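Chain by chain, the residues run as shown.
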Amino acid sequence: VNDDGTAAAFDALMARLDPAMVVLTTAAGDQRAGSLVGFHAQCAIAPPRYAVWMSRANDTYRVGALAEHFAVHLLHEGHRGLAELFGGTSGDDIDKFARCRWTPGPGGVPLLEDCPDRFVGRRVGLVDVDTDHVCVVLEPVSAEVGADHPRLRLHHVEDIEPGHRAEERHDPT
Ligand SMILES: Cc1cc2nc3c(=O)[nH]c(=O)nc-3n(C[C@H](O)[C@H](O)[C@H](O)COP(=O)(O)O)c2cc1C
C-alpha cells in the first residue's frame, strides 16, 4: 500500500465494518488451543464453507496447523471475560481451558459451554498468501443456536492487548 492515505482510509473502512467477534478453538492430539478472532466470514453457499484467518504468531495457529476440527463460537455482549481470556492471553503462557467451562466435541475440539451459538467445522482447505495470517476453510459438520443477543463487536474489544501481536511470526515446523 502506497503512503498516499490509502492505508489510513482502508483502516477506517475496516473499522466501520465492526465485525462480530468469535472465539476459534481447535485440538490436535492432546493439545488444545483457542483465540479471539475478528477475521472470519462465510465464503460459500452450496456447499457452505467458512473462512477463519489465524495469526501465525498464535499458539492457535501452531496447534491448528495440525488439526482437523475447529469450533467457531459467536460472542455476545456478555462475553467480555471470554474475549479477554482468549484474546488477551496466550496458550504459550497459560492453560486457557483450565479457566473456562468446556466439553470435547468432534476430534476433541473444545466447545465452550458459555457460548451456545457455535458450529464445528472440518478443515477442507488452507489459504496461505505469505502474510501474517493463514486462512483455514471449514465445512460445517455440526451447529447449535442459542438465544439471540446483541453481538460483541470489534469496537467493544479493541482495547484488549493481544496475547501475541501479528508481527511475531511463528513457524510451526
Ligand atoms: C480485537 C482483536 C481481534 C483479533 N483478531 C484475530 C484474528 O482475526 N485472528 C487471529 O489469529 N488472532 C486475532 N487476535 C489475536 C489473538 O486473539 C491473540 O493474540 C491471542 O492472545 C492468541 O492466543 P494464542 O496464542 O493462545 O493462540 C485478535 C485479538 C484482538 C484483541
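Preceding block: the structure.
Residues numbered from 1 in each chain as written. Predicted model: local features only at pLDDT ≥ 70, side-chain atom pairs only at ≥ 80, totals over all residues. Heavy atoms only, no water.

**Student:** Honestly, the nonpolar core in this entry has me stumped. Any pointers?
**Tutor:** Leu 24, Val 52, Phe 70, Val 72 and Leu 138 are the most contacted members of the largest nonpolar core, which totals 17 residues. Counting only elements with at least two residues in this core, the list comes to strand 1 (22–28), strand 2 (31–37), strand 4 (49–55), helix 2 (59–64), strand 5 (69–74) and strand 9 (133–144). Ignoring anything within four residues of it in the chain, the contact list for Phe 70 reads Leu 24, Thr 25, Thr 26, Met 54, Gly 64, Val 109, Phe 119, Val 120, Gly 121, Arg 123, Val 136 and Leu 138. (Core = buried A, V, L, I, M, F, W, Y, C linked by side-chain atoms within 4.5 Å. Buried < 20%, exposed > 50% of the residue type's maximum accessible area, 1.4 Å probe, protein only. Helix = DSSP H or I, 4+ residues; strand = E, 2+ residues; numbered from the N terminus. Contact = heavy atoms within 4.5 Å.)

**Student:** When you look at the site of the ligand in this model, what are you seeing that I'm missing?
**Tutor:** The full set close to the ligand counts 26 residues, and Ser 55, Thr 60, Thr 89, Ser 90 and Gly 91 are the nearest of them. Residue Gly 163 places a main-chain N or O atom 2.9 Å away from an oxygen atom belonging to the ligand. A total of 650 Å² of accessible area belongs to the ligand in isolation, and the protein chains cover 93% of it. Given that more than half its atoms are within 2 Å of the pocket grid, the ligand belongs to the largest pocket. If you list the elements that add at least two residues to the shell around the ligand, you get strand 2, strand 4, helix 2, helix 3 (80–88) and helix 4 (154–157). Here the element with the most residues in the shell around the ligand is strand 2; it accounts for 4 residues. For the shell around the ligand, the residue count by class is 11 nonpolar, 13 polar and 2 charged. (Near = heavy atom within 4 Å. Polar contact = N/O pair within 3.5 Å; in protein donor to acceptor, adjacent residues only side chain to side chain. Areas by Shrake-Rupley, 256 points an atom, 1.4 Å probe, with all protein chains shown as cover. 1 Å grid on protein atoms, 1.4 Å probe; cavity = no way out; pocket = protein on both sides within 12 Å on 5 of 7 lines; lining within 4 Å. Sits in = over half its atoms within 2 Å of the grid points. Nonpolar A, V, L, I, M, F, W, Y, C, P; charged D, E, K, R; others polar.)

**Student:** So what exactly am I meant to see when it comes to helix 3 here?
**Tutor:** Every α-helical turn comprises 3.6 residues, leaving residues that sit three or four positions apart pointing alike. Taken together, the buried positions of helix 3 are Leu 82, Ala 83, Leu 85, Phe 86 and Gly 87. Here the buried face of helix 3 lies against strand 1, strand 2, strand 7 (110–112) and helix 4.

**Student:** Looking at this model, I keep getting lost on the sheet that holds strand 2. Mind explaining?
**Tutor:** Whether parallel or antiparallel, the strands of a sheet pair through hydrogen bonds between backbone atoms. One open sheet accounts for 7 strands, arranged 2-1-5-8-9-4-3; its pairing is antiparallel. Bordering the open sheet on either side are strand 2 and strand 3 (40–44), each of which pairs with just one other strand. The sheet shows a mean angle of 35° between the axes of neighbouring strands, taken without regard to direction. Inspection of the sheet shows strand 8 (residues 118–127) paired to strand 9 by 9 bridges, in the antiparallel sense. Within strand 9, the residue paired with Arg 118 across the bridge is Glu 144. Contacts from helix 3 reach strand 1 and strand 2 within the one sheet, and its direction differs from that of strand 2 by about 115°. (Pairing = 2+ DSSP bridges. Axes fitted to C-alpha atoms, helices over the stretch in contact; angles between N-to-C directions.)

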